[in-house]
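Now for the letters of each chain:
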Amino acid sequence: MSSLRCTITKNPIIFLVDTSTTLNQLKQIHTQLLINGILNDPHLFGQFVASIALNNPINLTYSNRLLDHCHNPTLFTFNSMIRAHCKSSTPHKSFEFYKRILASTHRLSPDNYTFNFLVRSCAQILSLESGMLVHGSVLKHGFDSDPHVQSGLIFMYAEMGCLDSCHKVFDQIPVPDLVCQTAIVSACAKWGEVVLARKLFDEMPVRDLIAWSAMIAGYAQCGLSRKALDLFNLMQIEGVKVNEVSMVSVLSACTHLGALDQGRWAHAYIEKNRLKMTVTLGTALIDMYAKCGDMNKAMEVFRCMRERNVYTWTSVINGLAMNGAGKKCLELFSMMKQAGVRPNEVTFISVLRGCSVVGLVEEGREHFDSMRRVYRIEPQLEHYGCLVDLYGRAGHLDEALNVIDDMPMKPHAGAWGALLNACTIYKNTEMGELASRKLVELEAKNHGAYVLLSNIYADSKEWDKVTDVRQVMKAKGVKKLPGCSAIEVDGEVHEFFVGDESHPRYNEIEFMLGEISRRLKLAGYVANTKPVLFDIEEEEKEDALCKHSEKIAIAFGLISLKQHQPISIVKNLRVCWDCHDVTMMISKIFDREITVRDRNRFHHFKDGQCSCKGYCTRIRDTIMILLVCSFKKQSSSSSSNSGSDENSSEKPAIILKVVDPPEPKIVVIMAGDEKPSFLAMPAVSSTICRCDHQV
DNA sequence: ATAGGGTTAG
């Protein structure tokens, strides 16, 4: 304590407390300060409170109590408390201190620091209502010309998804500084205006590392991984140094593209330039290797990491599940628990999928039950979906259906999709029909018009609902992704979207597509008698199946890679059944090994077979064609609004089930129709396309 | 005495 006394008299109080100060030490220091009467000085008291609150969030309660007993805290003290709370897990408490500033008997008035921190608290709690109130106070107190407050407001509205408000704030700044410019770029990229984001980025007179990172991350987050990497290259040409934060976005782009070579290069860069191997960076590396098919390397990085958080463990567990290593996946899960890292809801999804791929039904069920029992995690839709999948793939279809029936919430497309998948494996057409019907029903409602919805609520000033919608969006990471396949040739990634004809070698690709089609036919593959399951789970509903992005990528692989080189494709969505079968055939006819990584797992095609075997087979004799037709139901008696669309609604339409292939018939099932009518089947062309029926 | 923008797992 004598050394402490010395410190107190000689140094500013701020040096007394740091991040490693324990509660006990804190109490001792506090006692000494009281004895010395040092805390009577409001200035020093403020410093003491600030150092406690800011250094260690665990001590926040201590500083809260300290302040309760103080009658005349300074504005600095209050600001420090608001600042400490906006970073904490209890950001809403900032407002208590804001209120105390306003109610202060010493005529305190909030300043630019107050609002800077307060705005960030609003961003934390995602309360648009509070945000608007605070914004109003900012204007009232005249701090809207403070650049810190400006960037704070943009950041806050961006967090809540109110892009319009971001623009309003930004447009009113006469000369926005670098930080505000970066904030608006990030906001635009985050909410779908990526072209505008790039325009604003290009117009920036000066761009620092964070500005580059924001734009690269923006591309990576909305699925434009190719552009993210291009921009990264440009950044290096301009001589901007990369740090560990920006590298994470680059790795994320490599992951999504399946660009293993570039990912390896990034790893080498990290080591050569001695970037700090943070948990986040290490996790991004693991995820990259796992999803680019090099699970060994992923494990190696994992083993080398000193610090591992729940993201790290989940990435590696998920990687093992994706690669079909179910047992190993469960081993790691058990190690994770031993290491004292608490699994979260995402971890359980990976664990359940691990159980599913190796058919460990009992174990999976136990883990599912432990979620609630041990970890107090309420299973969500996704977990029930995994459970349906677990039972379904193991052939326990009734139990799978029971899971759906017993779900405490309305089953989603994923759950019915999992059941349908199981029904096709085990050829249960009856249950399959039920599942298909439910799927179509749900699909029609699944328009994902979140933004629209929240704007409607905002217009009617229902802020709570806006907040709800935004939270759901944030939680679910709602993003619209076009179907896209990538292939790396000589270290360069070529990306193909659905029906994409933009590649410089597209003429050759098209020729190869024709060649594939010709040789498949020669080998007896006749598309129009082959089953086509229209995969309505995914968003690819383009007309010509032959223009699916993975087929274009495979065709490009065939023309650009040497005979002995395996073709490795990465797709951002799930591979549809038709492409799956065609790829199997190609692997045989062209004598090529083809690996396709889709959204869920790896498919290794060789000699006409796929490694996912039982899990990918489907009904061959009973052909099901699911044809989803969007059509507008004619408004039956809409005389009041002549010709308006108001009474029309998008409705699920028709499921066509083809039975007995040689002379196929079509079962037409209307949604909600109990008696299907039979029609003779017209010549079904190989391209099953969307049809717009009028009923 | 105190500030701001970019990052990871389903």
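Residues numbered from 1 in each chain as written. Chains lettered and ligands numbered in written order. Predicted model: local features only at pLDDT ≥ 70, side-chain atom pairs only at ≥ 80, totals over all residues. Heavy atoms only, no water.

Draft legend 1. Inspection of unusual backbone geometry at higher detail. In this model, Arg274 sits at a positive phi of 50°, which is unusual for a non-glycine residue. Checked against the element boundaries, Arg274 lands in the loop between helix H16 (260-272) and helix H17 (279-291). By relative accessible area, Arg274 is classed as exposed at 74%. The backbone phi angle of Asp591 is positive, close to 50°, even though this residue is not glycine. Residue position: Asp591 is located in the loop between helix H31 (577-589) and strand S4 (594-597). (Helix = DSSP H or I, 4+ residues; strand = E, 2+ residues; numbered from the N terminus. Buried < 20%, exposed > 50% of the residue type's maximum accessible area, 1.4 Å probe, protein only.)

Draft legend 2. Structural detail: the protein's contact with DNA strand B. Neighbouring residues of DNA strand B: 46 residues in total, closest Arg83, Arg120, Asp177, Gln221 and Lys291. Close to the protein, within 4 Å, the atoms of DNA strand B belong to sugar or phosphate groups at a rate of 39%. Here a base nitrogen of DNA strand B and a side-chain polar atom of Tyr113 are 3.5 Å apart. Ser151 places a polar side-chain atom, nitrogen or oxygen, 3.3 Å from a base nitrogen of DNA strand B. The class makeup of the residues in the surface near DNA strand B is 17 nonpolar, 20 polar and 9 charged. (Near = heavy atom within 4 Å. Polar contact = N/O pair within 3.5 Å; in protein donor to acceptor, adjacent residues only side chain to side chain. Nonpolar A, V, L, I, M, F, W, Y, C, P; charged D, E, K, R; others polar.)

Draft legend 3. Representation of the pairing of strand S2 (residues 492-497). Pairing analysis gives 6 bridges linking strand S1 (residues 484-489) to S2, with the strands arranged antiparallel. Looking at S2, one finds that Glu488 is bridged to Val493. Counting the residues that bridge the hairpin from S1 to S2 gives 2 residues, and of these Asp490 lies at a positive phi of roughly 50°. (Pairing = 2+ DSSP bridges.)

Draft legend 4. Broad picture of a negative patch on the surface. Residues Glu362, Glu363, Glu366, Asp398 and Glu399 make up a contiguous surface patch of negative charge. Sorting the residues of the negative patch by element identifies helix H22 (361-375) and helix H24 (397-406) as the ones contributing at least two each. Examining the composition of the negative patch, we find that 3 residues originate from one element, H22, more than from any other. Tracing the chain through its elements places Glu363 in helix H22. (Patch = residues over 30% accessible without salt bridge, like charges linked within 9 Å, V, L, I, M, F, W, Y side chains within 5 Å. Areas by Shrake-Rupley, 256 points an atom, 1.4 Å probe, with all protein chains shown as cover. Salt bridge = Lys/Arg side-chain N within 4 Å of Asp/Glu carboxyl O. Lys, Arg positive; Asp, Glu negative; His and termini not counted. Charge placed at Lys NZ, Arg CZ, Asp CG, Glu CD.)

Draft legend 5. Fine view of the nonpolar core. Ile154, Met247 and Leu419 are the most contacted members of the largest nonpolar core, which totals 149 residues. With near-sequence residues (within four places) excluded, Ile154 lies in contact with Cys166, Val169, Phe170, Ile173, Cys180, Ala183 and Ile184. Counting residues in each nonpolar core, the second largest holds 28 residues, with Met512, Ala553, Leu561 and Ile569 among its members. (Core = buried A, V, L, I, M, F, W, Y, C linked by side-chain atoms within 4.5 Å. Contact = heavy atoms within 4.5 Å.)

Draft legend 6. View of the sheet that holds S4. Ordered by their spatial adjacency, 6 strands build an open sheet running S2-S1-S3-S4-S5-S6, and the pairing between neighbours is mixed. Each edge of the sheet is formed by a strand with only one pairing partner; in this case those strands are S2 and strand S6 (609-610). Here S1 runs beside strand S3 (residues 567-571); their pairing, made up of 3 bridges, is antiparallel. Of the residues in S3, the one forming a bridge with Ser485 is Lys571.

Draft legend 7. Region of the structure containing the packing of helix H10 (residues 163-171) against helix H11 (residues 178-190). It is the contact of H10 with H11, at a shortest axis distance of 10 Å, that shows an interaxial angle of 160°. Compared by their axis directions, H10 and H11 come out roughly antiparallel. The way H10 lies across H11 gives a crossing that is left-handed. Taking contact as the criterion, the partners of Leu163, Cys166, His167 and Phe170 in H10 are, on H11, Cys180, Gln181, Ile184, Ala187 and Cys188. Of the residues that constitute the contact of H10 with H11, the class distribution is 7 nonpolar, 2 polar and no charged. (Axes fitted to C-alpha atoms, helices over the stretch in contact; angles between N-to-C directions. Parallel < 35°, antiparallel > 145°, perpendicular 65-115°, else oblique. Left-handed = near helix turned anticlockwise from the far one by under 90°.)

Draft legend 8. Quick peek at the UniProt feature "repeat: PPR" (unreviewed entry) in chain A. Under the UniProt annotation, the feature "repeat: PPR" (unreviewed entry) is placed at residues 74-108, 208-242, 278-308 and 309-343. For residues 278-308, helix accounts for 74% and strand for 0%, while the C-alpha atoms at its two ends are 10 Å apart. The annotated region residues 309-343 carries 74% helix and 0% strand content, and the separation between its end C-alpha atoms amounts to 10 Å. (UniProt positions renumbered as here; feature names shortened; annotations may be inferred.)

Draft legend 9. Just helix H13 (residues 209-221), in detail. For H13, built from 13 residues, the straight-helix expectation of 18 Å at 1.5 Å per residue is met to within 8% by its first-to-last C-alpha distance of 18 Å. Here H13 lies mainly inside the structure; 11 of its 13 residues are buried. Those residues of H13 that are buried lie in contact with H11, helix H12 (194-203), helix H14 (225-237) and helix H15 (244-257). Directly beyond the C-terminal end of H13, a positive phi value near 90° is found at Gly223. (Expected span 1.5 Å × (residues − 1).)

Draft legend 10. Broad picture of the layout of surface pockets. As a volume, the second largest pocket reaches approximately 560 Å³. What lines the second largest pocket is a set of 30 residues, among which Leu260, Glu488, Pro566, Ser568 and Ile569 lie closest to the centre. (1 Å grid on protein atoms, 1.4 Å probe; cavity = no way out; pocket = protein on both sides within 12 Å on 5 of 7 lines; lining within 4 Å. Points joined across faces, edges and corners; volume = space filled by probe spheres on them.)

Draft legend 11. Spotlight on the side chain of Ser63. Note on placement: Ser63 falls in helix H4 (residues 60-68). Judged by relative accessible area, Ser63 falls into the buried class, the value being 0%.

Draft legend 12. Local environment of the packing of H17 against helix H18 (residues 295-304). Running from N to C, H17 and H18 point in directions that differ by 165°, and their axes come no closer than 7 Å. When the axes of H17 and H18 are compared, the pair comes out roughly antiparallel. Read as a crossing pair, H17 and H18 show a hand that is left-handed. Residues Gly282, Leu285, Ile286, Tyr289 and Ala290 of H17 form the contact with H18, whose own contacting residues are Met295, Lys297, Ala298, Val301 and Phe302. Of the residues assigned to the contact of H17 with H18, the class counts are 8 nonpolar, 1 polar and 1 charged.

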